[in-house]
Amino acid sequence: MNRCSPPRIAEALLERVLPVDLKEPLLGDLEEEFQQIQFNQSKQACQIWYWRQALLTSFHYFNQTQKALIMFAFSVLFFAALTIFAMELSGGTSMFFDVPSLIITLPPALVFTLAVTSPGNVKQAFSCLFSGHVESLKQVKNSVMVFDVLGTSCLWLGALMTLLGWVAMGSSIEEVAVIGPAFAVSVLTLMYAMGIKLVCYVASQRIIYLGQGLSPHPD
Amino acid sequence: MGKSRFLGEFEQLVLLAILRLGEQAYGTTIRQILLDVIQRDVSIGALYTTLTRLEDKGLIRSAKGEATAERGGRAKKYFEITAEGKQALQATRQSLDAMWRDVKLSFVGVKQ
C-alpha cells in the first residue's frame, strides 16, 4: 500500500504557530495517527482529517504564539487608518497616492539594506519581528541594523528626491500651472519616506524590547 | 483542596487516561483512549493545551521518548501523573461523590 505524507501546507502552518517545545511531540503524534488512519480511510479523508486537526490546533495556539504579529499588524493598521482619516479630512485620499514616489524611495532603500547587511539578515529581521522570538543578542543587533538602514535610507532618499523635484521646479518656474502639482508630488515622496521611517523605527524598538533579558554570553 | 487544585472535567478525563495508559501515555494514545472509551474526539491542540496546564500545575510530568520512522523521526513526549496529581484526582472524586450522595436525577427533571 502506498502511504502518503501529511499535507505540507498544514504542517508548515503548525510549524509556524506551535510553541517551540511542542513542535516535535505534537507534529510527531499527528503524523503517527495520520499513518494509522490510512489503513481504513481514503487518502482524501486522511488529508481532511489532518487539515481539521491542524486548523483546530492553530486556533488554540495562534493567540499564544503570534501575539507579537497580531499587535504589530494592529499598530500598523491603526497608523494607516489614522493617516487615511487625516487624508480624507484634507480633501480626499486620491491626491495622496502616487506610485512613482513610492518606487523611487522603497526599492532603492531595500537594495541599500541588502548591500549593507545581507539577504539572510533581512529575512531574519522580519522573521524576528513577526514571530516575536529572538534567540541571541547578535540576532537583535543585526535585526535592528536592518530596520535602521532601511528606514534611514528611505528618509534620505525621500529628502533627496524631494530636493530633486524642487530643482526641476526651479528650472521651470515660469510655468506656474505645473508648479502646484509638481510641488505636491515632490513633498509626497518625503511623506512616504517619513512614513516608512516611522514603521522601521517601531520595528527596531520592538526587536530591542524582545531582546531584553538575553544574556550577552549564551551557553 | 485549594482553588488552584480544582480539576475541570476535561482535566480529570486526561489524568484518568494517563493513569489507564501507564507507561504508554503520550498524545496519540491519550487521544485514542478518550475516543474509544467515552467517544470524545478532541483535537490534538486542545489536548496539549490541557497537558501543558496540568504540567504547569505540577499534576503531571513529561519525559522525552524515542523517535520512530512512522512519526517522521520525531520524538514522543510521555506523560506520567505525579503524587500531587493523584491526590487532586482523589480529592475531586470525593467532592463529586459527596455532592452526588442522596441526589436523584428525578429531582432535577431527568427520567431514570
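Before reading on, note that the structure itself is shown above.
Residues numbered from 1 in each chain as written. Chains lettered and ligands numbered in written order. Predicted model: local features only at pLDDT ≥ 70, side-chain atom pairs only at ≥ 80, totals over all residues. Heavy atoms only, no water.

Quick word on the overall build of chain A
Phase 1 of the analysis: The number of helices and strands found in chain A is nine helices and zero strands.
Phase 2 of the analysis: Along its sequence from the N terminus, chain A presents helices and strands in the succession α-α-α-α-α-α-α-α-α.
Phase 3 of the analysis: Within the span of chain A, comprising 219 residues, buried residues form 37% of the whole.
Phase 4 of the analysis: Restricting to contacts in chain A with at least 6 residues of sequence separation, those with at least 24 account for 75%.
Phase 5 of the analysis: Accessible area of chain A: about 12,900 Å², with a carbon and sulfur share of 70%. (Helix = DSSP H or I, 4+ residues; strand = E, 2+ residues; numbered from the N terminus. Buried < 20%, exposed > 50% of the residue type's maximum accessible area, 1.4 Å probe, protein only. Contact = heavy atoms within 4.5 Å. Areas by Shrake-Rupley, 256 points an atom, 1.4 Å probe, with all protein chains shown as cover.)

Observations concerning helix 7 (residues 119–131) of chain A
Residue and element names in this part refer to chain A.
Phase 1 of the analysis: Helix length check: helix 7 (13 residues) gives 18 Å between terminal C-alpha atoms against 18 Å at 1.5 Å per residue, within 8%.
Phase 2 of the analysis: Taken together, the buried positions of helix 7 are occupied by Asn-121, Val-122, Ala-125, Cys-128 and Leu-129. Projection of helix 7 onto a plane perpendicular to its axis shows the buried side chains occupying an angular sector of 130 degrees, all on one side. Of the exposed residues in helix 7, those oriented more than 90 degrees away from the buried face are Pro-119 and Lys-123.
Phase 3 of the analysis: Looking at the packing, one finds that the buried side of helix 7 touches helix 4 (67–89), helix 6 (106–116), helix 8 (137–171) and helix 9 (176–210).
Phase 4 of the analysis: Just beyond helix 7, the residue with positive phi is Gly-132, at close to 70 degrees. (Expected span 1.5 Å × (residues − 1). Arc of directions from axis to C-beta.)

Examining the side chain of Thr-82 of chain B
All names here are of chain B.
Phase 1 of the analysis: Looking at the element boundaries, Thr-82 is found in the loop between strand 2 (75–81) and helix 4 (83–100).
Phase 2 of the analysis: On the accessibility criterion, Thr-82 (10% relative accessible area) is buried.
Phase 3 of the analysis: Among the polar contacts listed, one links the side chain of Thr-82 to the backbone oxygen of Gly-58, at a separation of 2.8 Å.
Phase 4 of the analysis: Once residues within four sequence positions are removed from consideration, Thr-82 is found in contact with Gly-58, Leu-59, Ile-60 and Arg-61. (Polar contact = N/O pair within 3.5 Å; in protein donor to acceptor, adjacent residues only side chain to side chain.)

Comments concerning the interface of chain B and chain A
Phase 1 of the analysis: Taken together, the 23 residues of chain B in the interface contact 22 residues of chain A.
Phase 2 of the analysis: Summing the contributions of chain B and of chain A, the shared interface buries around 1,900 Å²; its carbon and sulfur component is 45%.
Phase 3 of the analysis: Contact with chain A buries surface across chain B, with Ile-44, Glu-70 and Arg-74 of chain B losing the most and accounting together for 31% of the total.
Phase 4 of the analysis: Inspection of the chain B/chain A interface yields six salt bridges.
Phase 5 of the analysis: Between Asp-29 of chain A and Arg-71 of chain B there is a salt bridge; the shortest N-O distance is 2.8 Å. (Buried area = accessible area lost by both parts, 1.4 Å probe. Salt bridge = Lys/Arg side-chain N within 4 Å of Asp/Glu carboxyl O.)

What about the packing of helix 8 of chain A against helix 9 of chain A?
Residues and elements named next belong to chain A.
Phase 1 of the analysis: Two elements in contact, helix 8 and helix 9, have axes separated by 8 Å at closest approach and are oriented at 170 degrees. With respect to each other, helix 8 and helix 9 are oriented roughly antiparallel.
Phase 2 of the analysis: Across the contact of helix 8 with helix 9, the residue classes tally to 22 nonpolar, nine polar and two charged. (Axes fitted to C-alpha atoms, helices over the stretch in contact; angles between N-to-C directions. Parallel < 35°, antiparallel > 145°, perpendicular 65-115°, else oblique. Nonpolar A, V, L, I, M, F, W, Y, C, P; charged D, E, K, R; others polar.)

Remarks on the side chain of Ser-186 of chain A
Phase 1 of the analysis: Among the secondary structure elements, Ser-186 of chain A is positioned in helix 9.
Phase 2 of the analysis: With residues up to four places along the chain from it excluded, the contact list for Ser-186 of chain A reads Thr-162, Gly-165, Trp-166 and Met-169 of chain A.

Examining helix 9 of chain A
Phase 1 of the analysis: Helix length check: helix 9 of chain A, at 35 residues, gives a terminal C-alpha distance of 52 Å against a target of 51 Å (1.5 Å per residue), a fit within 8%.
Phase 2 of the analysis: Of the surrounding secondary structure, the elements contacted by the buried residues of helix 9 of chain A are helix 4, helix 5 (99–103), helix 6, helix 7 and helix 8 of chain A.

Regarding the state of the cysteines
All names here are of chain A.
Phase 1 of the analysis: All told, the structure shown has zero disulfides over all chains when counted by the stated rule.
Phase 2 of the analysis: Left without a disulfide partner, Cys-4 is nearest to the cysteine sulfur of Cys-46, which lies 6.1 Å away.
Phase 3 of the analysis: For Cys-4, a relative accessible area of 15% translates into the label buried. (Disulfide = S-S within 2.5 Å.)

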